[in-house]
Amino acid sequence: MHKEFTNTVILSIGVNDTQVFNGKTKNTIEQYKTNIQKIIKYVIGKGCNLVILGLTRIESDDKFLWKPNKYYDNDIISEYDRDLKLILNYDTELKELCKKNKVKYIQMQDILEKDDFIDGLHPNHKGHKKIFEYVIENIK
């Protein structure tokens with residue numbers, strides 16, 4: 001007798017969409033929503049379970065020395081994360097699709113602390129371990 005498998009995709013996406021370059025975000029919230037919706041429909045269409053990780057905060061307000069016109073902002077990141085939750089909870093078509101297909105959202109805003117980053121933006125090994133343990137704990 002075969003044991004049935006179900007593939008699960010864990011999606012962590014969005015912080016780079018919030019990047020501000022020359023005064024504009026890399027992707028508008030509208031484009032971000034459209035991209036997320038397409039990804040959800042695609043993954044579900046392939047018969048996979050989907051776990052979506054919320055956006056993490058950053059721990060640096062510094063602009064990049066090599067690109068002073070590029071930066072990230074926690075207020076913008078929080079706005080995109082709120083919209084991610086809204087997409088999953090209030091977009092009627094998507095909400096039904098997510099409910100039917102058991103798409104799970106895991107809040108990530110307050111998981112990492114300052115010493116969990118290499119450069120204020122990218123998690124270090126300790127930060128990645130924290131993310132992994134939190135996701136495993138909340139995926140069940």
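Predicted, not measured: the structure shown is a model, and the values here were computed from it.

A short note on the overall build of the protein
Along its length, the protein carries 4 helices and 6 strands. Overall, the protein shows an N-to-C arrangement of helices and strands of β-β-β-α-β-β-α-α-β-α. Here the analysis covers contacts within the protein between residues at least 6 apart in sequence; of these, 69% occur between residues at least 24 apart. For the protein, the computed accessible surface area is about 9,300 Å², with 51% contributed by carbon and sulfur atoms.

Examining the sheet that holds strand E2 (residues 20-21)
Here 3 strands make up an open sheet; going across it, the order is E3-E2-E5 and the pairing antiparallel. The two strands at the open ends of the sheet, each matched to only one other strand, are strand E3 (24-25) and strand E5 (70-71). One ladder, built from 2 bridges, connects E2 with E3; its direction is antiparallel. Across the sheet, Val20 pairs through a bridge with Thr25, a residue of E3.

Brief notes about the environment of Asn138
On the secondary structure map, Asn138 appears in helix H4 (residues 125-139). The exposure class assigned to Asn138 is partly exposed, which follows from its relative accessible area of 24%. In this structure, the C-alpha to C-alpha distance between Asn138 and Lys104, residues 34 residues apart in sequence, is 9.4 Å. Among the polar contacts made by the side chain of Asn138, one reaches the main-chain carbonyl oxygen of Tyr134 at a distance of 2.8 Å.

Section: unusual backbone geometry
The backbone of Asn22 sits at a positive phi, close to 55°, despite the residue not being glycine. Within the secondary structure, Asn22 sits in the loop between E2 and E3. Assessed through its relative accessible area of 52%, Asn22 is described here as exposed.

Quick word on the packing of aromatic side chains
Aromatic rings considered in pairs are described by the distance between their centres and by the relative angle of their planes. Taken as a whole, this structure holds 1 aromatic pair when the rule is applied. The interplanar angle of 50° and the centroid separation of 5.1 Å between the aromatic rings of Tyr32 and Tyr80 together place this pair among those described as tilted. Here Tyr80 lies in helix H2 (residues 74-90) and Tyr32 lies in helix H1 (residues 29-45), a separation of 48 residues in the sequence. Grouping residues by exposure puts Tyr32 and Tyr80 together as buried.

Side note on the nonpolar core
Membership of the largest hydrophobic core comes to 24 residues, with the highest contact counts inside it found for Ile40, Leu50, Ile52, Leu55 and Leu84. If you list the elements that add at least two residues to this core, you get H1, strand E4 (49-53) and H2. The residues contacting Leu84, other than those within four sequence positions of it, are Tyr32, Ile36, Ile52, Leu53, Gly54, Leu55 and Tyr105. With 9 residues, the next largest nonpolar core counts Val51, Leu53, Met108 and Val135 among its residues.

Here we look at the sheet that holds strand E1 (residues 8-12)
The sheet built from 3 strands is open, its strands ordered E1-E4-E6 with parallel pairing. The outermost strands of the open sheet, each flanked by one partner alone, are E1 and strand E6 (104-106). Each strand of the sheet is rotated relative to its neighbour by a mean of 20°, with strand direction disregarded. Relative to E6, E4 is paired through 3 bridges, and the arrangement is parallel. Bridged to Leu53 within E6 is Ile106.

Reading guide: rules and limits
Residues numbered from 1 in each chain as written. Predicted model: local features only at pLDDT ≥ 70, side-chain atom pairs only at ≥ 80, totals over all residues. Heavy atoms only, no water. Helix = DSSP H or I, 4+ residues; strand = E, 2+ residues; numbered from the N terminus. Contact = heavy atoms within 4.5 Å. Areas by Shrake-Rupley, 256 points an atom, 1.4 Å probe, with all protein chains shown as cover. Pairing = 2+ DSSP bridges. Buried < 20%, exposed > 50% of the residue type's maximum accessible area, 1.4 Å probe, protein only. Polar contact = N/O pair within 3.5 Å; in protein donor to acceptor, adjacent residues only side chain to side chain. Phe/Tyr/Trp six-rings, centres within 6.5 Å; stacked < 30°, edge-to-face > 60°. Core = buried A, V, L, I, M, F, W, Y, C linked by side-chain atoms within 4.5 Å. Axes fitted to C-alpha atoms, helices over the stretch in contact; angles between N-to-C directions.

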